[in-house]
Amino acid sequence: MYNTLGNFIQNSNAGLLFVDFENKKTLQLTGEVTIIHDQNSTEDLKKTTDTGRFWTFKIKEWVLTENQHNVDWEFTGSSPFNP
């Protein structure tokens, strides 16, 4: 996750994909990221594990897809590497 910030500095274009396994839908967002550095309040540092860095995402386009290609999806669990 932190590695992505360096990528955003080089190229601020980004895409996010949200999968709704239960309803067989996806939401695709494309847009532009802005990095916010040096947020040093105690609350901000706690939220960011002491990095003081956030990013914002400005949506340029979105696409909602329902039952794409009749895929039989099954949610098997969350990644153990996600915080």
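Look up a bit, the structure's there.
An account of the accompanying structure is given in this report. Model, not experiment: these values are computed from the prediction.

**With respect to the environment of valine 71**
- Among the secondary structure elements, valine 71 is positioned in the segment after strand S3 (54-66).
- The class of valine 71 is partly exposed, set by a relative accessible area of 31%.
- Remark: the alpha-carbon pair of valine 71 and lysine 24, spanning 47 residues in sequence, is separated by 8.0 Å.

**Brief notes about the side chain of threonine 26**
- With respect to the secondary-structure elements, threonine 26 resides in strand S2 (residues 25-36).
- Not counting the four nearest positions on each side in its chain, threonine 26 is found in contact with Leu17, Phe18, Val19, Val63, Leu64, Thr65 and Trp73.

**Digging into the nonpolar core**
- Among the nonpolar cores identified, the biggest contains five residues, and these are Leu5, Phe8, Ala14, Val33 and Ile35.
- When contributions to this core are tallied by element, the ones reaching two or more residues are helix H1 (2-10) and S2.
- Those residues in contact with valine 33 that sit more than four places away from it in its chain are Phe8, Ser12, Ala14, Trp55, Thr56 and Phe57.

**Concerning a nonpolar patch on the surface**
- Residues Leu17, Val19, Phe21 and Phe75 make up a contiguous nonpolar surface patch of roughly 370 Å² in combined accessible area.
- Relative to the helices and strands, phenylalanine 75 is located in the segment after S3.

**Some words on the packing of aromatic side chains**
- Inspection of the entire model under this criterion finds two aromatic pairs.
- Their ring planes at 50 degrees and their centres at 5.3 Å tell us that phenylalanine 8 and tryptophan 55 sit as a pair that is tilted. Here the residue phenylalanine 8 occupies a position in helix H1, and tryptophan 55 occupies one in strand S3, the gap between them amounting to 47 residues.
- With 5.3 Å between their ring centres and 50 degrees between their planes, phenylalanine 21 and phenylalanine 75 make a pair best called tilted. Highlighted residues: phenylalanine 21 in the loop between strand S1 (13-20) and S2 and phenylalanine 75 in the segment after S3, separated in sequence by 54 residues.

Calculation rules
Residues numbered from 1 in each chain as written. Predicted model: local features only at pLDDT ≥ 70, side-chain atom pairs only at ≥ 80, totals over all residues. Heavy atoms only, no water. Helix = DSSP H or I, 4+ residues; strand = E, 2+ residues; numbered from the N terminus. Buried < 20%, exposed > 50% of the residue type's maximum accessible area, 1.4 Å probe, protein only. Contact = heavy atoms within 4.5 Å. Core = buried A, V, L, I, M, F, W, Y, C linked by side-chain atoms within 4.5 Å. Patch = residues over 30% accessible without salt bridge, like charges linked within 9 Å, V, L, I, M, F, W, Y side chains within 5 Å. Areas by Shrake-Rupley, 256 points an atom, 1.4 Å probe, with all protein chains shown as cover. Salt bridge = Lys/Arg side-chain N within 4 Å of Asp/Glu carboxyl O. Phe/Tyr/Trp six-rings, centres within 6.5 Å; stacked < 30°, edge-to-face > 60°.

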